[in-house]
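Structure at a glance
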Amino acid sequence: MHQPILVRHPLAVIAPKVAPAIATSTVLILGRIWNANGAEHSVGNATLMVVLATGAAAAGACASVGRSGDGILAGTCFAASGGLALAGVAGYADGLSLPLLLWALATAVAYGLAARYWRTDRRDTLAHERHMSEKREDHSHTERIEAMRSRTQIEVAREGAAYATALAEAMTARAMLPGFDPLAVNDAGLPQLPTTHTTSKEN
């Protein structure tokens, strides 16, 4: 059993590793653009971002409560809350020191959460590959046994056919010998051709 070899594109391998940094950097850049367009020291804008961040955090907390909590939804809500908080600080603050500090913190937290997901995904992938490898080995073993059994049956049938052909040729050659006496052969208990046996009965 041959399995196709799949080679992932380099971008497909690199993209998940840089996604957290790209996400937090995008939020920081958009926050500073917002700052340049009048969000600095705007109480209304700051209040809006606080409300949005608090609402996202509350939604994440609700999604994670209980045994049947949705971890993906909770993680998305908490990530949105952190992004809104970072955007609010980046848009409201005067300089870049505090926004950059929060950006570094948010990036570190994002990579920490992503690393946990990557470990789980890697563990699941290895378990799946191990399971598929075991199944392939079982199928290969079954195929080898069936192939050996088929070859054995073919060899037995071939040897039986060869033996039958050789016996028929020997009996035909014996019947063609000069002075061949079917009755003497029958008395001796040796194999006899059916046609010769029938002829002897008619005589």
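Each remark here, short or long, concerns the structure printed above.
Take the side chain of Asn-35 next. Locating Asn-35 in the fold gives a position in helix α1 (residues 10-39). Judged by relative accessible area, Asn-35 falls into the buried class, the value being 9%. A polar contact of 2.9 Å, which involves the side chain of Asn-35, links it to the backbone oxygen of Ala-93. Those residues within four positions of Asn-35 in sequence are excluded, and the remaining contacts are Glu-40, Ala-90, Gly-91, Tyr-92 and Ala-93.

Right, let's talk about the pattern of salt bridges for a bit. This structure, assessed with the given rule, holds two salt bridges. Salt-bridge contacts for Glu-146 lead to Arg-149; the nearest nitrogen and oxygen are separated by 3.4 Å. Here Glu-146 and its partner Arg-149 are both found in helix α4 (residues 97-175), three residues apart, which amounts to about one turn of the helix. For Glu-146, a relative accessible area of 37% gives the class partly exposed. On the basis of relative accessibility, which here comes to 46%, the residue Arg-149 falls in the partly exposed class.

There is a patch of nonpolar side chains on the surface, built from Ile-14, Val-18 and Ile-22 and spanning about 250 Å² of accessible area. As for its placement among the helices and strands, Ile-14 is situated in helix α1.

What follows concerns α4. Between its first and last C-alpha, α4 extends 114 Å over 79 residues, near the 117 Å set by a 1.5 Å rise per residue. All of the buried residues in α4 are Pro-99, Thr-107, Ala-114, Ser-140, Met-171 and Arg-174.

Rules of the game
- Residues numbered from 1 in each chain as written.
- Predicted model: local features only at pLDDT ≥ 70, side-chain atom pairs only at ≥ 80, totals over all residues.
- Heavy atoms only, no water.
- Helix = DSSP H or I, 4+ residues; strand = E, 2+ residues; numbered from the N terminus.
- Buried < 20%, exposed > 50% of the residue type's maximum accessible area, 1.4 Å probe, protein only.
- Polar contact = N/O pair within 3.5 Å; in protein donor to acceptor, adjacent residues only side chain to side chain.
- Contact = heavy atoms within 4.5 Å.
- Salt bridge = Lys/Arg side-chain N within 4 Å of Asp/Glu carboxyl O.
- Patch = residues over 30% accessible without salt bridge, like charges linked within 9 Å, V, L, I, M, F, W, Y side chains within 5 Å.
- Areas by Shrake-Rupley, 256 points an atom, 1.4 Å probe, with all protein chains shown as cover.
- Expected span 1.5 Å × (residues − 1).

By themselves, these figures tell us nothing about what the structure is for.
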